[in-house]
Amino acid sequence: MHFETLAIHDGQAPDPQTGSVTVPIFQTSTFERDDLEHRREFFYSRIGNPTRSALESTIALLENGRYGLAFASGVAATMAALHVVNPGEHIVAGNDIYGGSYRIFEQLLRPWGVTTSYAASESTESYAECITPKTKLIWIETPSNPLLQLSDIRALAALCKERGIVLAVDNTFSSPYFQRPLDLGANIVVHSTTKYLGGHSDVIGGAVVTSNPGLHTTIKNYQGAAGAIPAPWDCWLILRGLKTLKIRMKEHEASALQIAKFLQQHPAVKEVFYPGLPSHPQHELAKEQMSGFGGMVTFALKGGLPAVEQLIARIKLFVLADSLGGVESLISSPAKMTLWALSKEVRERRKCTDDLVRLSIGLENAEDLEADLLNALAG
Ligand SMILES: *Cc1c(COP(=O)(O)O)cnc(C)c1O
């Protein structure tokens, strides 16, 4: 069956007891047992809840994976996925990644004896060079944040398979509609469902999908033991978002491409980063491993930080905010906002310069967005 059909039907059949067409919100902490010896499928909502189950199986299907697990946030999902690494072992991560993932590697895992090295996100050779005998997992985010660089999932999956390393992919920026890493050989997919999967800027959530029973068991045990689970109501909101994922992603993409082309020919703009532009250094790889290029556009302004500040002061429709993937367009300064936690030195090594602007293209009319940018970039 096709993606949009799965998103609406699978994992969320009408409620057998009442016929309710949408999955009910099972707002309960616990479930009655049959007797002392037997408990039913659900017994305590930290371990399992029917609304969460529906979300978990729907996300797994959309990623073409066997097992899905939902979490209270994207970083909770990241932390759970990384629990497959043990103290004394090593991780190789891309250097252009979500700031919160970097914080997990450096502030949470390193003191617990798990070290991380950083490879150039766009280079398979660079990942290979960082591997040591202790490397247990490679962590990639593709397209990356904020520079929208790609990592070659198929090539890295082959490398990992050969070396017995787990390949985990943060698929938040593409969503499973445009990219399915498990199909390309990855072992684990992680999402911040706060972004495109929820899609309406009204809920924080995360998910992990894998087809490997051993990895699933480890991560599921961590989910139950550490307890960073989403509330039933939040699961329901994300389920609702998933039903329109296809039509939203198509629209985000069409407008993003239009805006990227507009920016590319604007005299105030130094460089545009969007995998859908033929000028993107990895446009061919993007066409191979993605079925669309997504709704995020990053660009650099010739006038540096003062020009960024002026643009942000003048823009009207784009909301100055940190997140992405919602119906409303957002604008941000990666150096000043999402990556503030990194030192200037680390930011510069990552080429995350002060002149960058990141746009999350929403579902407004693209011509209105373009006019807003044109007006704000003028003078
Ligand atoms: C937002 C984000 C996260 C973290 O998700 P939260 O839901 O904010 O915890 C992880 N990875 C990427 C790529 C993100 O954009």
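Residues numbered from 1 in each chain as written. Predicted model: local features only at pLDDT ≥ 70, side-chain atom pairs only at ≥ 80, totals over all residues. Heavy atoms only, no water.

**Q** Can you help me understand the environment of Q265 in this one?
**A** Structurally, Q265 can be placed in the loop between α10 (245-264) and β8 (269-273). Along the sequence, Q265 and A72 sit 193 residues apart, while their C-alpha atoms lie 41 Å from each other. (Helix = DSSP H or I, 4+ residues; strand = E, 2+ residues; numbered from the N terminus.)

**Q** How do you make sense of the site of the ligand when you look at a structure like this?
**A** Not every one of the 13 residues close to the ligand is listed here, only the nearest: G74, D170, S192, T194 and K195. At a separation of 2.9 Å, an oxygen atom of the ligand approaches a polar backbone atom of G74. Note that an oxygen atom of the ligand is positioned 2.8 Å from one of the side-chain N or O atoms of S192. Considering the ligand on its own, with 380 Å² of exposed area, one finds that the protein chains cover 92% of that surface. For the shell around the ligand, the per-class residue count stands at 4 nonpolar, 6 polar and 3 charged. (Near = heavy atom within 4 Å. Polar contact = N/O pair within 3.5 Å; in protein donor to acceptor, adjacent residues only side chain to side chain. Areas by Shrake-Rupley, 256 points an atom, 1.4 Å probe, with all protein chains shown as cover. Nonpolar A, V, L, I, M, F, W, Y, C, P; charged D, E, K, R; others polar.)

**Q** Explain the domain arrangement of the chain here, please?
**A** Accessible area lost during the coming together of the parts is what is often quoted as the interface size. Each assigned domain of the chain is listed with its residue range as follows: domain 1 (3-242) and domain 2 (246-377). A straight line from the C-alpha centre of domain 1 to that of domain 2 covers 26 Å. Counting residues at the interface gives 38 residues for domain 1, matched by 41 residues for domain 2. For the pair domain 1 and domain 2, the summed buried surface comes to about 3300 Å²; carbon and sulfur atoms form 58% of the total. Applying the counting rule to domain 1 against domain 2 returns 1 salt bridge. Put simply, E4 and K246 hold a salt bridge, and the shortest N to O gap is 2.8 Å. (Domains from an automatic or database assignment. Contact = heavy atoms within 4.5 Å. Buried area = accessible area lost by both parts, 1.4 Å probe. Salt bridge = Lys/Arg side-chain N within 4 Å of Asp/Glu carboxyl O.)

**Q** Can you help me understand the packing of aromatic side chains in this one?
**A** For any pair of aromatic rings, geometry is given as the distance between the ring centres together with the angle between the planes. Under the criterion given, the structure shown has 7 aromatic pairs. Relative to F178, the ring of Y177 has its centre 5.2 Å away and its plane inclined at 50 degrees; by these criteria the two rings are tilted. Residues Y177 and F178 agree in their burial class; the two are buried. Centre to centre, the rings of W233 and W236 are 5.6 Å apart; their planes meet at 10 degrees, and the pair counts as stacked. Taken together, the residues span about one helical turn, with W233 and W236 both in helix α9 (residues 232-242) at a distance of 3 residues. On the basis of relative accessibility, which here comes to 44%, the residue W233 falls in the partly exposed class. Grouped by ring-pair contacts, the aromatic residues Y102, F105, Y118 and W139 constitute a single cluster. Over the ring of F43 we find R39; its NZ or CZ atom is 3.9 Å from the centre of that ring. (Phe/Tyr/Trp six-rings, centres within 6.5 Å; stacked < 30°, edge-to-face > 60°. Buried < 20%, exposed > 50% of the residue type's maximum accessible area, 1.4 Å probe, protein only. Lys NZ or Arg CZ within 6 Å of the ring centre and 35° of its normal.)

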